[in-house]
Every structure is written in structure tokens, then in C-alpha cells.
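These are the residues of each chain, in order.
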Amino acid sequence: MKAQIRTAIWIFLVLTVITGVLYPLVVTGLAQTYLRREANGSLIVQNGQPVGSALIGQPFDDPKFFWGRPSATGPFPYNAAASSGSNLGPTNDVLVKAVQDRVSALKAADPDNSAPVPVDLVTASGSGLDPHISPAAAHYQESRVARARGISEDTVRTLIEQYTEGRQFGVLGEPRVNVLVLNRALDAVR
């Protein structure tokens, strides 16, 4: 029995060192060497200060900015520590009301826009943190943004096209636009 306990303790200590010390050090070293930007949160830096992450959405509600997907996190929007969807089904009264309120807010912000509201502007992603919207959602907002900034819709449309990311590896996912990156590009337009 003592031999088995000694063996169990020895295996516990060896595996603790391997999986709790060596493996994390190796993975962290490789990440910092080959994927430094990603390993450090894919931060977007402006004037030496981080303004956000390319991986986590941010709330924008000023008409001169593109608005992203709604966040399903609490207690505040885009809370990475509370990543999750709402888990509300499509017939749930709370979700239906939230979507109707979001559609109303979009229509109130741009009453002349008669186009159908893209679904990604009124529903949260599975994580509740998505920093991207579809190109259709960006184009839906282009007239409001152009009018609020006093620039041409062609300028805004060109920026949307310029900052539309394709499918990953050419096949995975859908084309998308990072809202923070697009809004920063808009701020650079004079």
C-alpha cells in the first residue's frame, strides 16, 4: 500500500510540474514569439493608447458611428467576463420585444431609410461579444453615418468596401466588417 501511495504522489508531482509549469511556459513562449499580437489580446492602439480589441465589440450609439451587434452580456455590454448568448428562443416574448425595440431605434435614427433592417443589427451573437457586422448591416447604416459626419455616401461606401474582411481561408464564415476598425477609419477622414 505504501508503494502505491508513493507512486501516486510521485505521478501527481511529475504531472503537476509538466502540465502546470512546463506546458504553460512553452505555450506562452511560443505564443509570444510567433503570435504576439493575438496572444496579447489583438489590441488596437491609437496614439500609444489601447482603444479596444479587434476581438471584442464595443458599444456605439452616436449617429456618426457605425453601430455593432447588440451585446447579450451583463452587467454591462461587451463584458468579456460574462460571454454568452441570451439563450432566448425565437418565439420568446422578451426577445421579440427586444428586437422590436432595436428595429424602432434604428428606424428613429434614420427615418428615411426604408430598407429592411439586417438581422445582425437587432440580435446578439452567440458570445454576445462579436465585434463584426455583415457588409449588409454596414451598408444599411451608410446614409445615416454620412449625413451625421457631413461626408458623401460614396466615401462611406468606399470605406465599408475597404474594411470588409473576406471569409477565413477563403471558405470559412461570411464576409464581415469590424465595427471598431471601420469607425476609426471614419475618424481619420477629414
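The structure under discussion appears in the preceding block.
None of these values were measured; they are calculated from a predicted model.

Moving on to the nonpolar core. If you look at the biggest cluster of nonpolar residues, it comprises 24 residues, and the most contacted ones within it are Phe66, Ile133 and Val156. When residues of this core are traced back to their parent elements, those giving at least two are helix H4 (135–149), helix H5 (153–162) and helix H6 (179–188). Ignoring anything within four residues of it in the chain, the contact list for Ile133 reads Trp67, Gly68, Arg69, Asp120, Leu121, Ala138, Gln141, Arg176, Val177 and Val179.

In this model helix H1 (residues 2–34) runs 46 Å from its N-terminal to its C-terminal C-alpha over 33 residues, within 8% of the 48 Å that 1.5 Å per residue would give. Along H1, the sharpest change in direction is near 30° and occurs at Leu22; proline Pro24 comes one to four residues later.

On to the side chain of Ser42, then. With respect to the helices, strands and loops of the structure, Ser42 is situated in the loop between helix H2 (36–39) and strand E1 (43–46). Exposure remark for Ser42: the relative accessible area of 2% places this residue in the buried category. Ignoring any residue separated from it by four or fewer positions in sequence, one finds Ser42 in contact with Arg37, Gly52, Ser53, Ala54 and Leu55.

Running from amino to carboxyl end, H5 crosses H6 at an angle of 140°, the nearest separation of the two axes being 10 Å. Regarding the angle of H5 to H6, the classification is oblique. Note that H5 runs across H6; the crossing there is right-handed. For the pair formed by H5 and H6, the contact residues are Val156, Leu159 and Ile160 on the first element and Leu182, Ala185 and Leu186 on the second.

The subject of this paragraph is unusual backbone geometry. At Asn47, a residue that is not glycine, the phi angle is positive and equals roughly 55°. Relative to the assigned elements, Asn47 resides in the loop between E1 and strand E2 (49–53). Overall, the relative accessible area of 76% leaves Asn47 in the exposed class.

Glancing now at the side chain of Asn183. Along the chain, Asn183 turns up in helix H6. Residue Asn183 is classed as buried on the basis of its relative accessible area, which comes to 1%. In terms of polar contacts, Asn183 uses its side chain to reach the backbone amide nitrogen of Phe66, at 2.8 Å.

Attention now goes to the pattern of salt bridges. Under the counting rule described, the total for this entry stands at 9 salt bridges. When the shortest N-O distance is used, the salt bridge between Glu142 and Arg157 registers 2.9 Å. Note that Glu142 is positioned in helix H4 and Arg157 in helix H5, a separation of 15 residues in sequence. Arg157 serves as the salt-bridge partner of Asp154, at 2.6 Å between the closest nitrogen and oxygen. Within this pair, Asp154 and its partner Arg157 are both found in helix H5, separated by 3 residues, close to a single helical turn. Counted as one network, the salt bridges with shared partners bring together Glu142, Glu153, Asp154 and Arg157.

Before going further, it helps to spend a moment on H5. Among the residues making up H5, those that are buried are Val156, Leu159 and Ile160. Along H5, the residues classed as buried sweep out an arc of 100° about the axis, all on the same side. Exposed side of H5, more than 90 degrees from the buried face: Asp154 and Gln162 are the residues found there. On its buried face, H5 sits against H4, strand E4 (164–165), strand E5 (176–178) and H6.

Analysis parameters
Residues numbered from 1 in each chain as written. Predicted model: local features only at pLDDT ≥ 70, side-chain atom pairs only at ≥ 80, totals over all residues. Heavy atoms only, no water. Core = buried A, V, L, I, M, F, W, Y, C linked by side-chain atoms within 4.5 Å. Buried < 20%, exposed > 50% of the residue type's maximum accessible area, 1.4 Å probe, protein only. Helix = DSSP H or I, 4+ residues; strand = E, 2+ residues; numbered from the N terminus. Contact = heavy atoms within 4.5 Å. Expected span 1.5 Å × (residues − 1). Bend = angle between axes of the 7 residues up to and from the residue. Axes fitted to C-alpha atoms, helices over the stretch in contact; angles between N-to-C directions. Parallel < 35°, antiparallel > 145°, perpendicular 65-115°, else oblique. Left-handed = near helix turned anticlockwise from the far one by under 90°. Polar contact = N/O pair within 3.5 Å; in protein donor to acceptor, adjacent residues only side chain to side chain. Salt bridge = Lys/Arg side-chain N within 4 Å of Asp/Glu carboxyl O. Arc of directions from axis to C-beta.

Coordinates in, geometry out; function isn't part of it.
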